[in-house]
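Structural characterization, general
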Amino acid sequence: MEERKVVSIEDRIPKLKQTRRKKANRRLILYLMILFILIAVVIYLQSPLSNVGNIEVQGERHVTADEIKELANITTETNYWKVDTDSIKNNVESHKEIKSVNVNRDFPNTVQIQVEEAERIGYVQTNGEFSAILENGTKLEAASSLPGGDAPILAGFSKQTYLEEMSKELKELPQSVTNLISEIHWEPKEDNPYQIRLYMNDGFQVLASIRNFSNKMTIYPSIVAQLEEGAEGIIHIDVGAYFEEYAGAGEEGNTEGEVQAESPDQVDEPISEFEANNDPEGNPESSPESETNITPQEDPELTPQPETNEDSDPDREDTPASEQEGTEQSGSLEDSDESDSTDDSSSEESGQ
């Protein structure tokens, strides 16, 4: 049998003491670290280092960041760990133009406020100032001398119910089509109280109805694309869809005389006398150019007689005044000769 090595207890005691001493040192270091961490936390919480250092506002358009921060009721002196996100959300959503709010804390000292504003669907003019109309039909109290370019002008909406319904329809309309609208006028009739007239940025007018407006107005770009270039008129989408051209639109080459002749302030008598002189049979049909190019004079007797054109009577010939006088003199001489011959014959019969 092998002999076991025997270690005396005197030899083992120093090693046990050394092991116990190492464990005690580790525990002491651990406790000291915990103590220092607690002291650091207390100092951090009591110092400005724990305050909110940065407040980020995102998504604002018409409401300023300062207004949102004021509603949130937080500043750079607010303790970061005391920020109540739910309270901030409720405070900011109390604003009429704020639709939804999302609040996040970003360590170590940043607070992020993400807002979504209610869409402005139009502007209403009151006493020379414009007030914004929100997507729910709410009218803002704040007014400005000029409307914003982000929504059309709403005119004539004297009843709130129709304004709210119009707001809902505009909200559902694609933004690409909304940007084409300049003004919307409410023009109710007895048989159609929902009738509206739109003035578009491209020069057209649109007659439509508030009901189903968002569905029917989406075809506007396709209708305009089918029209001829330079066409002007009214597009009807209330009952069916068709285009009505303006009266007199599309006539090109109008001279200044034509505009004067079509004006209601012109005198009709000189024109009618001119037609009578050129058309002895009283035919009302005459050359449009001759009618519109003549500027009426105040005194018909001073109106110069135009030369005979191709449309006048080919059998009619203008006789000079000298020839007319000669004809009248020759006629009077012939009448005198006839009277002399009659007197001679009567005297001869009496002699016999």
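Just so we're clear, the structure is a prediction, and the values are computed from it rather than from any experiment. (Residues numbered from 1 in each chain as written. Predicted model: local features only at pLDDT ≥ 70, side-chain atom pairs only at ≥ 80, totals over all residues. Heavy atoms only, no water.)

1. Structural notes on the confidence of the model for the chain
Looking at the chain as a whole, the pLDDT averages 74, with 67% of positions reaching at least 70. Here residues 341–352 scores under 50 on pLDDT; set against residues more than four positions off or in separate chains, the count is zero contacts. (pLDDT = per-residue confidence, 0-100. Contact = heavy atoms within 4.5 Å.)

2. Describing the environment of V111
Along the chain, the position of V111 falls in strand 3 (residues 110–117). For V111 and V83, which are 28 residues apart along the polypeptide, the C-alpha to C-alpha distance reads 8.6 Å. Beyond its immediate sequence surroundings of up to four residues, V111 is in contact with V52, N54, I55, E56, I74, V83, V103 and N104. (Helix = DSSP H or I, 4+ residues; strand = E, 2+ residues; numbered from the N terminus.)

3. Topic: a nonpolar patch on the surface
Together, L28, L32, L35, F36, I39 and I43 line one region of the surface with nonpolar side chains, adding up to about 570 Å² of accessible area. Relative to the elements of secondary structure, L32 occurs in helix 1 (residues 9–46). On the basis of relative accessibility, which here comes to 37%, the residue L32 falls in the partly exposed class. (Patch = residues over 30% accessible without salt bridge, like charges linked within 9 Å, V, L, I, M, F, W, Y side chains within 5 Å. Areas by Shrake-Rupley, 256 points an atom, 1.4 Å probe, with all protein chains shown as cover. Salt bridge = Lys/Arg side-chain N within 4 Å of Asp/Glu carboxyl O. Buried < 20%, exposed > 50% of the residue type's maximum accessible area, 1.4 Å probe, protein only.)

4. Brief notes about the pairing of strand 6 (residues 139–144)
Pairing between strand 5 (residues 129–134) and strand 6: three bridges, direction antiparallel. Bridging from a neighbouring strand, S131 pairs with A143 of strand 6. Following strand 5, the chain reverses through four residues before pairing antiparallel with strand 6; G137 in that reversal takes a positive phi of roughly 90 degrees. (Pairing = 2+ DSSP bridges.)

5. Remarks on the packing of aromatic side chains
Any aromatic ring pair is given by two values, namely how distant the centres are and how the planes are angled relative to each other. Counting across every chain of the model gives seven aromatic pairs. Judged by centre distance (5.9 Å) and plane angle (50 degrees), the ring pair of W81 and F107 falls under tilted. Residue W81 is found in the loop between helix 2 (65–72) and helix 3 (85–93), and its partner F107 is found in the loop between strand 2 (98–106) and strand 3; the two are separated by 26 residues along the sequence. You can call W81 partly exposed: its relative accessible area is 43%. Where F157 meets W186, the ring centres are 6.1 Å apart and the plane angle is 15 degrees; that geometry is what we call stacked. (Phe/Tyr/Trp six-rings, centres within 6.5 Å; stacked < 30°, edge-to-face > 60°.)

6. Side note on the sheet that holds strand 8 (residues 181–186)
Backbone-to-backbone hydrogen bonds pair the strands of a sheet. The strands run either parallel or antiparallel. Reading across the sheet, the nine strands line up as 6-5-4-7-8-9-10-11-12 and stay open at both edges, with mixed pairing between neighbours. Each edge of the open sheet is held by one strand with a lone partner, namely strand 6 and strand 12 (242–245). For this sheet the average axis-to-axis angle between neighbouring strands, irrespective of direction, equals 30 degrees. In the sheet, strand 11 (residues 233–236) pairs with strand 12 via four bridges, with the strands oriented antiparallel. (Axes fitted to C-alpha atoms, helices over the stretch in contact; angles between N-to-C directions.)

7. Here we look at the pattern of salt bridges
Under the counting rule described, the total for this entry stands at five salt bridges. Note that E135 is salt-bridged to K171, the shortest N-O span being 3.3 Å. Taken together, the residues E135 in the loop between strand 5 and strand 6 and K171 in helix 4 (residues 160–172) connect sequence positions 36 residues apart. On the accessibility criterion, E135 (14% relative accessible area) is buried. A salt bridge links E187 to R197, with the shortest nitrogen-to-oxygen separation between them at 3.1 Å.

8. Observations regarding a positive patch on the surface
The grouping of R20, K22, K23, R26 and R27 at the surface amounts to a positive patch. Counting through the fold element by element, K22 comes out in helix 1. (Lys, Arg positive; Asp, Glu negative; His and termini not counted. Charge placed at Lys NZ, Arg CZ, Asp CG, Glu CD.)

9. Some words on the side chain of E97
Among the secondary structure elements, E97 is positioned in the loop between helix 3 and strand 2. Excluding anything up to four places from it in sequence, E97 contacts H62, V63, E116, E117, A118, R120, L134 and L140.

10. Some details on the sheet that holds strand 2
The strand order across the open sheet built from three strands is 1-3-2, with neighbouring strands paired in mixed fashion. With partners counted over all chains shown, the strands left at the sheet margins are strand 1 (54–58) and strand 2, one partner each. Here the average twist between neighbouring strands, direction ignored, is 15 degrees. Packed onto the sheet, helix 3 meets strand 2 and strand 3 and runs at close to 155 degrees relative to strand 2.

11. What about the nonpolar core?
Within the largest apolar cluster, 28 residues are counted, with the highest numbers of intra-cluster contacts made by F157, I184, I196, L198, V206, F213 and M217. Contributions of two or more residues to this core are made by strand 4 (120–126), helix 4, strand 8, strand 9 (195–200), strand 10 (205–209) and helix 7 (220–226). The dominant element in this core, judged by the number of residues it contributes, is helix 4, at four residues. Formed by 17 residues, the second largest nonpolar core is a distinct cluster that contains V52, I55, Y80 and V83. (Core = buried A, V, L, I, M, F, W, Y, C linked by side-chain atoms within 4.5 Å.)

12. Points about helix 4
Taking 1.5 Å per residue as the helical rise, helix 4 with its 13 residues ought to reach 18 Å, and the 19 Å between its terminal C-alpha atoms agrees with that figure. Along helix 4, the residues that are buried comprise Y162, L163, M166, S167, E169 and L170. Summarising the axial view, the buried residues of helix 4 lie within an arc of 165 degrees, below the 170-degree limit, and thus occupy one face. Away from its buried face by more than 90 degrees, helix 4 exposes T161, K168 and E172. (Expected span 1.5 Å × (residues − 1). Arc of directions from axis to C-beta.)

13. Topic: the packing of helix 2 against helix 3
At a minimum axis separation of 8 Å, helix 2 and helix 3 run at an interaxial angle of 125 degrees. In terms of orientation, helix 2 and helix 3 fall into the oblique class. Regarding helix 2 and helix 3, the two cross each other, and that crossing is right-handed. Facing helix 2, whose interface residues are I68, L71 and A72, helix 3 presents I88, N91 and V92. (Parallel < 35°, antiparallel > 145°, perpendicular 65-115°, else oblique. Left-handed = near helix turned anticlockwise from the far one by under 90°.)

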